[in-house]
Amino acid sequence: MSSPVVHAHHAPQGFIRKWVFSLDHKVIGIQYYFLALFSVLVGVSLSLLMRFHMVHPDAKVAWFAKLWPTAAQGGIMTPELYLSLMTMHGTIMVFFVLTTAPQSGFGNYFLPLQIGAEDMAFPVLNMLSFWTTFVALAVMVAAFFVQGGPPLAGWTAYPPLSGIGALSGPGEGLGQTLWIVSIAIFCGASLMGAINFIATLIDLRCQGMSLMRLPLTCWTWFVTAILALLGFAVLLAAGVLLILDRSAGTSFFVPGGLLVSDQILNHKGGSPLLWQHLFWFFGHPEVYIAILPGMGVTSQLLSTFSRKAVFGYRAMVYAILSIGFLGFLVWGHHMFMSGMSPYSAMAFSVLTMAIGVPSAIKTFNWIGTLWGGKIRFTTAMMFALGFVSLFVTGGLSGIFLGQPALDLYFHDTYFVVGHFHMIMGVAAIFGMFAGTFYWFPKMYGRMMNETLGKIHFYATFLGVYAIFTPMHYLGIAGNPRRYSDFTNFDFLGKLLPVHTFMTQAAYFTAAAQILFFINLFWSMKRGKKAPMNPWEATTLEWTVPSPPPFDNFGGQHPVVNHGPYEYSVPGAPRDFIMQTDPVDVHAES
């Protein structure tokens, strides 16, 4: 049911205007998606190099010497090069994959479709946001090719290591400057995108689309945009101050009287802890910027493929809002090691436990959604279930890290690496896989191969557990993180077989992703033609052709009469009711 035709917009003509500098939110969403896809290839490649070095620290690799003639003389990776790879791996994965694909990729494409809008509120700003992100990635990658190479201060860039220039080590000259500039540019792009998302959801909802009729995906994109607006603004300011410390002689983060390489630095009383506070005020909301869209996708898919309404829809909405609010109150649990007051640590610990409550509500509601449902085990559904598993597993280890007394021991060990890779990294990527298999028919009008998809799921699911579960045991055994070579430490000798196992699992899991790329690109051209609504879903994107027309609804404005998850309604002619179906459809027989 829709209002009369108002005007159908024609798509722009010409390759440049249609596919490069496009104003169409769908094209921009695809651009973000493939930017993230390129970034994940770079990030995973760096992680494989790191894992190779950890189990073969003395291996001579000829092409290492060609790629890094200074940092890998004779083909042997130096500890400094290892730290550079670690820094770039973490940065690229966190900013250009986990932040980009779930929100800017899928969110850009499907938010207007799901709320009945023709486009985002500010199409030009949307285009600028993508190309600014592209420039940020180009600047980041350029750090690989400058003198001294990429930085080694980690993805958190703690000063004074990151704040005093080339004196502190290789990569800390121009490479670190490019890193900071790239992150500052990325912050600007994220702020533009956040404003666009917020304005679009508030102002452009179609008739009948009240807030409590929004799909949960829209709620998570909305709250994520608010987190990005508040968090990236702080990180941008911190980045500017850090550049001033490096280039203008200011002392925001670099303390006075610092002696480095027999030189007393001319700084006066800056605070390295100030950077930590500013960074983690952004950094912990960043965890939810990465994971919340995956929660929305998972909620959508569990309802669709169990043929049941989301259990406790309003509770889910309030849980999403609570996570967004509490996410700004717990940054201090990343700083228990910094010497903060025990009273402050206690407050942050209590708040950290509190944020587990809305997460638990979501988990129990997901189980309630599945309970008694007519479950369809599609590939998309399998990845959604995998998301739930990884989110719960990673969250359980977070309980230990939220206790100051335990975190003092675990903080600099592989326990932390296993925890945040499980809950922030792989869980979010499973959400991306779920979204890809679910929305691919709408984006390209073709189906992905289900058999290949399920093989890819099982290999990836088993692989990531084989990589990251043992890290928790390594942490309990006291295995330090960030070390490039464990062979010189007697107490770590017995742990080397565990690292070998994890490395082999990493190779296996990376190889399994070849199946995904084959499936993705083959299905774009050769996949089975998809019907308009292959999953028998209820939300507005499934009411338009696949792929959708340029202005989404062909000049017609949809009218929403139902909630987003009306499945298996007694008396309805089929087991789902579209949001645009007539009000009295449930009475039909």
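Residues numbered from 1 in each chain as written. Predicted model: local features only at pLDDT ≥ 70, side-chain atom pairs only at ≥ 80, totals over all residues. Heavy atoms only, no water.

Draft legend 1. A look at the overall build of the protein. When helices and strands are tallied, the protein shows 16 helices and two strands. Whereas a compact globule of 589 residues would reach a radius of gyration of roughly 25 Å, the protein reaches 24 Å, a difference of no more than 12%. Seen through its C-alpha atoms, the protein measures out along the principal axes to roughly 85 × 55 × 45 Å. Burial statistics for the protein: of 589 residues in total, 58% are counted as buried. Long-range contacts, defined as pairs at least 24 residues apart, comprise 78% of the intrachain contacts of the protein with a sequence gap of at least 6. Total accessible area on the protein is roughly 23,100 Å²; 70% of this is exposed by carbon and sulfur atoms. Taking the average location of the 27 positive side-chain charges in the protein and that of its 23 negative ones, the two points are 7 Å from each other. (Helix = DSSP H or I, 4+ residues; strand = E, 2+ residues; numbered from the N terminus. Rg over C-alpha atoms; globule rule 2.2 N^0.38 Å. Buried < 20%, exposed > 50% of the residue type's maximum accessible area, 1.4 Å probe, protein only. Contact = heavy atoms within 4.5 Å. Areas by Shrake-Rupley, 256 points an atom, 1.4 Å probe, with all protein chains shown as cover. Lys, Arg positive; Asp, Glu negative; His and termini not counted. Charge placed at Lys NZ, Arg CZ, Asp CG, Glu CD.)

Draft legend 2. The arrangement of the packing of aromatic side chains in detail. Tallied over the entire structure, the rule returns 60 aromatic pairs. Taking 4.9 Å as the distance between ring centres and 35 degrees as the angle between the ring planes, the aromatic pair formed by Phe 440 and Tyr 444 counts as tilted. Taken as a pair, Phe 440 and Tyr 444 lie in helix α14 (residues 414–444) at a separation of four residues, close to a single helical turn. The class for Tyr 444 is partly exposed, based on a relative accessible area of 22%. (Phe/Tyr/Trp six-rings, centres within 6.5 Å; stacked < 30°, edge-to-face > 60°.)

Draft legend 3. Structural detail: unusual backbone geometry. Cis geometry is adopted by the peptide bond preceding Pro 160, which originates at Pro 159 and carries an omega value of 10 degrees. In this structure, Pro 160 sits in the loop between α6 (123–142) and α7 (174–203). Cis geometry is found at the peptide bond from Ser 546 to Pro 547, where omega equals -10 degrees. Take Pro 547: it is sitting in the segment after α16 (496–526). With phi around 55 degrees, Glu 536 is a residue other than glycine that occupies positive phi space.

Draft legend 4. A look at the pattern of salt bridges. For the structure on display, the rule yields six salt bridges. For Asp 24, the salt bridge goes to Lys 26, with nearest N and O atoms at 3.0 Å. Residue Asp 24 shares its accessibility class with Lys 26, and that shared class is buried. Connected through shared salt-bridge partners, Arg 307, Arg 376, Glu 536 and Asp 575 make up one network. (Salt bridge = Lys/Arg side-chain N within 4 Å of Asp/Glu carboxyl O.)

Draft legend 5. Empty space enclosed by the protein, seen in detail. Scanning the entire structure with this criterion turns up three cavities of 30 Å³ or more. Quantified by volume, the largest cavity comes out at close to 190 Å³. As for the largest cavity, its lining consists of 20 residues, and the residues nearest its centre are Gln 103, Ser 104, Ser 190, Gly 193 and Ala 194. The residue makeup of the lining of the largest cavity, split by class, is nine nonpolar, 11 polar and no charged. (1 Å grid on protein atoms, 1.4 Å probe; cavity = no way out; pocket = protein on both sides within 12 Å on 5 of 7 lines; lining within 4 Å. Points joined across faces, edges and corners; volume = space filled by probe spheres on them. Nonpolar A, V, L, I, M, F, W, Y, C, P; charged D, E, K, R; others polar.)

Draft legend 6. Just the side chain of Asp 24, in detail. You can see Asp 24 is positioned in the loop between α1 (15–20) and α2 (25–55). Overall, the relative accessible area of 7% leaves Asp 24 in the buried class. If near-sequence neighbours (up to four positions away) are discounted, Asp 24 is found in contact with Asp 119 and Phe 550.

Draft legend 7. Main features of the nonpolar core. The biggest cluster of nonpolar side chains holds 166 residues, and the ones touching the most others in it are Phe 95, Leu 216, Phe 232, Tyr 438 and Trp 439. Among the elements that make up this core, the one with the highest residue count is α14 (18 residues). Not counting residues up to four positions away in its chain, the partners in contact with Phe 95 are Thr 100, Trp 155, Ile 183, Phe 186, Phe 232, Leu 235 and Phe 282. (Core = buried A, V, L, I, M, F, W, Y, C linked by side-chain atoms within 4.5 Å.)

Draft legend 8. Structural detail: a nonpolar patch on the surface. On the surface, Met 353, Val 392, Leu 396, Ile 399, Phe 400 and Leu 406 cluster together to form a nonpolar patch covering roughly 480 Å² of accessible area. A total of four residues in the nonpolar patch trace back to one element, the largest contributor, which is helix α12 (residues 379–401). (Patch = residues over 30% accessible without salt bridge, like charges linked within 9 Å, V, L, I, M, F, W, Y side chains within 5 Å.)

Draft legend 9. Geometry of the layout of surface pockets. Considering only enclosed or pocket space, the second largest pocket measures out at about 400 Å³ in volume. Around the second largest pocket, the lining comprises 18 residues; the ones closest to its centre are Lys 18, Trp 19, Val 27, Ile 30 and Pro 547. Within the residue set of the lining of the second largest pocket, elements represented by two or more residues are α1, α2, α14 and α16. Here the element with the most residues in the lining of the second largest pocket is α2; it accounts for three residues. Class assignment for the residues of the lining of the second largest pocket results in 13 nonpolar, one polar and four charged.

Draft legend 10. Structural context of α14. Maximal helix bending in α14 amounts to about 45 degrees, located at Tyr 438; proline Pro 441 follows within four positions. Where burial is concerned, most of α14 is hidden: 29 out of the 31 residues are buried. Count one or two residues on from α14 and you reach Gly 445, which has phi positive near 75 degrees. (Bend = angle between axes of the 7 residues up to and from the residue.)

Draft legend 11. The arrangement of the environment of Gln 73 in detail. One can find Gln 73 in the loop between α3 (62–67) and α4 (79–98). Each C-alpha atom, one on Gln 73 and one on Val 61, is 9.9 Å from the other, the two residues being 12 residues apart in sequence.

Draft legend 12. Representation of α6 in the model. Spanning 20 residues, α6 covers 29 Å between terminal C-alpha atoms, matching the ideal 28 Å at 1.5 Å per step. Residues Asn 126, Met 127, Ser 129, Phe 130, Thr 133, Ala 136, Leu 137, Val 139 and Met 140 constitute the buried set of α6. Packed against the buried residues of α6 are α1, α2, α4, α5 (100–115) and α7. (Expected span 1.5 Å × (residues − 1).)

Draft legend 13. Highlighting the environment of Val 254. Counting through the fold element by element, Val 254 comes out in the loop between α8 (216–247) and β1 (259–260). Accessibility expressed as a relative area gives 0% for Val 254, which makes it buried. Placed 283 residues apart in sequence, Val 254 and Ala 537 show a C-alpha to C-alpha distance of 55 Å. Among all residues touching Val 254, those that are not within four sequence positions of it are Gly 163, Ile 164, Asp 245, His 267, Gly 269, Gly 270 and Ser 271.

Draft legend 14. Layout of the packing of α2 against α16. Running from N to C, α2 and α16 point in directions that differ by 160 degrees, and their axes come no closer than 10 Å. Of the possible angle classes, the one that applies to α2 and α16 is roughly antiparallel. Judged by the sense of rotation from one axis to the other, the crossing of α2 with α16 is left-handed. Residue-level inspection shows Tyr 33, Phe 34, Leu 37, Leu 41, Val 44, Leu 48, Arg 51, Phe 52, Met 54 and Val 55 of α2 in contact with α16, the latter providing His 499, Thr 500, Met 502, Thr 503, Ala 506, Tyr 507, Ala 510, Phe 516, Phe 517, Leu 520, Phe 521 and Met 524. Across the contact of α2 with α16, the residue classes break down as 18 nonpolar, three polar and one charged. (Axes fitted to C-alpha atoms, helices over the stretch in contact; angles between N-to-C directions. Parallel < 35°, antiparallel > 145°, perpendicular 65-115°, else oblique. Left-handed = near helix turned anticlockwise from the far one by under 90°.)

Draft legend 15. Layout of the state of the cysteines. Counting across every chain of the model gives zero disulfides. Free cysteine Cys 218: the closest other cysteine sulfur is in Cys 206, separated by 10 Å. Here Cys 218 falls in the buried class, since its relative accessible area comes to 0%. (Disulfide = S-S within 2.5 Å.)

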